[in-house]
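Summary of the model geometry
Next come the chains, spelled out residue by residue.
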Amino acid sequence: MSDEPTPILVKLLEIQRDLNVPKERWNKFGGFYSRSKEDILEAAKPMAHERGCVIKVDDEPIFVCAGGVDESPWVYMKSTACLVDVETGEVVQATGYAREPYAKTKQDASQLTGGASSYAGKRALGNLFAIDDTADTDNISQEPTQAEPPASGSFNVKCQNCGRAYSMPDRATFDALQHDPNGCNCGINAVWKVVA
């Protein structure tokens, strides 16, 4: 048996194979289940520890542009998630981004930054550990698409970029959402699909 240390990519491969972080947090406002950065860390840290590794997540604000008339500045949080082998010092890393909203009802500036940081960290960890953040294939096949939202009544939509689902009380709310560059929490311009 060799005393050679196991390369970091082999350790990452094992963690990716074994890690399962189900979406168990219900968002009553948005009407969807999700997982958090903390959920991923809670599941991944023991696996990393067994393999002699630590997980680090660092944040960096990225100023994109000042915005225009009636438009807020664009500031993104960049999160870098690292798996570090404590014995060899080898590092493998992945990044994730989230746009910090200019303002949000009932939140102060630190909560806005914290929310963007948390979401960017979740994306970085998801990228590092190859966690699929879309709906399961079985669920997608049961969600027929609809070309146009109904003229009246409530309905559901899904962001095709991140898989997050939202309940719309009416067509006017959906129309407003489609024109909002911050409409989805994924931090990028959403591509919407109306679902049953």
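Everything below is about the structure printed above this text.
In short, a report on the structure. Every value quoted in this text rests on a predicted model; they were computed, and no experiment measured them.

Next up on the list: helix 2 (residues 37-50). In an α-helix, one full turn covers 3.6 residues, which means residues spaced three or four apart are oriented alike. With 14 residues, helix 2 extends 20 Å from end C-alpha to end C-alpha; this agrees with the ideal 20 Å at 1.5 Å per step. At Ala44, helix 2 shows its maximal kink, close to 30°; a proline, Pro46, follows between one and four residues later. Between the side-chain oxygen at the start of helix 2 and the backbone nitrogen of Glu38 there is a gap of 3.3 Å, and the oxygen is on Ser36. One or two steps after helix 2, the chain reaches Gly52, where phi turns positive at roughly 75°.

Our next topic: the sheet that holds strand 5 (residues 91-100). Reading across the sheet, the three strands line up as 3-4-5 and stay open at both edges, with antiparallel pairing between neighbours. Each having just a single partner strand, strand 3 (53-65) and strand 5 make up the two edges of the open sheet. For this sheet, the mean angle separating the axes of adjacent strands, direction not counted, is 20°. Where helix 2 meets the sheet, it contacts strand 3 and strand 4 (74-85), and its direction lies at approximately 145° from that of strand 3.

If you walk through the whole model with that rule in mind, you get one aromatic pair. When the centroid spacing of 5.6 Å and the interplanar angle of 85° are considered together, the rings of Phe155 and Phe174 count as edge-to-face. In this pair, Phe155 sits in strand 7 (residues 155-159) while Phe174 sits in helix 5 (residues 171-178), placing the two residues 19 residues apart along the sequence. The class for Phe174 is buried, based on a relative accessible area of 4%.

The next subject is the nonpolar core. In terms of nonpolar packing, the biggest core is built from 20 residues, with Ile15, Leu19, Ile55, Leu83, Leu128 and Phe129 touching the most fellow members. Sorting the residues of this core by element identifies helix 1 (8-18), helix 2, strand 3, strand 4, strand 5 and helix 3 (109-128) as the ones contributing at least two each. Other than its neighbours up to four places away in sequence, Leu19 contacts Ala43, Ala44, Met47, Phe129 and Ile131. Core analysis: the second largest hydrophobic core is formed by twelve residues, Cys159, Ala165, Met168 and Leu177 among them.

Reading the values: the criteria
Residues numbered from 1 in each chain as written. Predicted model: local features only at pLDDT ≥ 70, side-chain atom pairs only at ≥ 80, totals over all residues. Heavy atoms only, no water. Helix = DSSP H or I, 4+ residues; strand = E, 2+ residues; numbered from the N terminus. Expected span 1.5 Å × (residues − 1). Bend = angle between axes of the 7 residues up to and from the residue. Polar contact = N/O pair within 3.5 Å; in protein donor to acceptor, adjacent residues only side chain to side chain. Pairing = 2+ DSSP bridges. Axes fitted to C-alpha atoms, helices over the stretch in contact; angles between N-to-C directions. Contact = heavy atoms within 4.5 Å. Phe/Tyr/Trp six-rings, centres within 6.5 Å; stacked < 30°, edge-to-face > 60°. Buried < 20%, exposed > 50% of the residue type's maximum accessible area, 1.4 Å probe, protein only. Core = buried A, V, L, I, M, F, W, Y, C linked by side-chain atoms within 4.5 Å.

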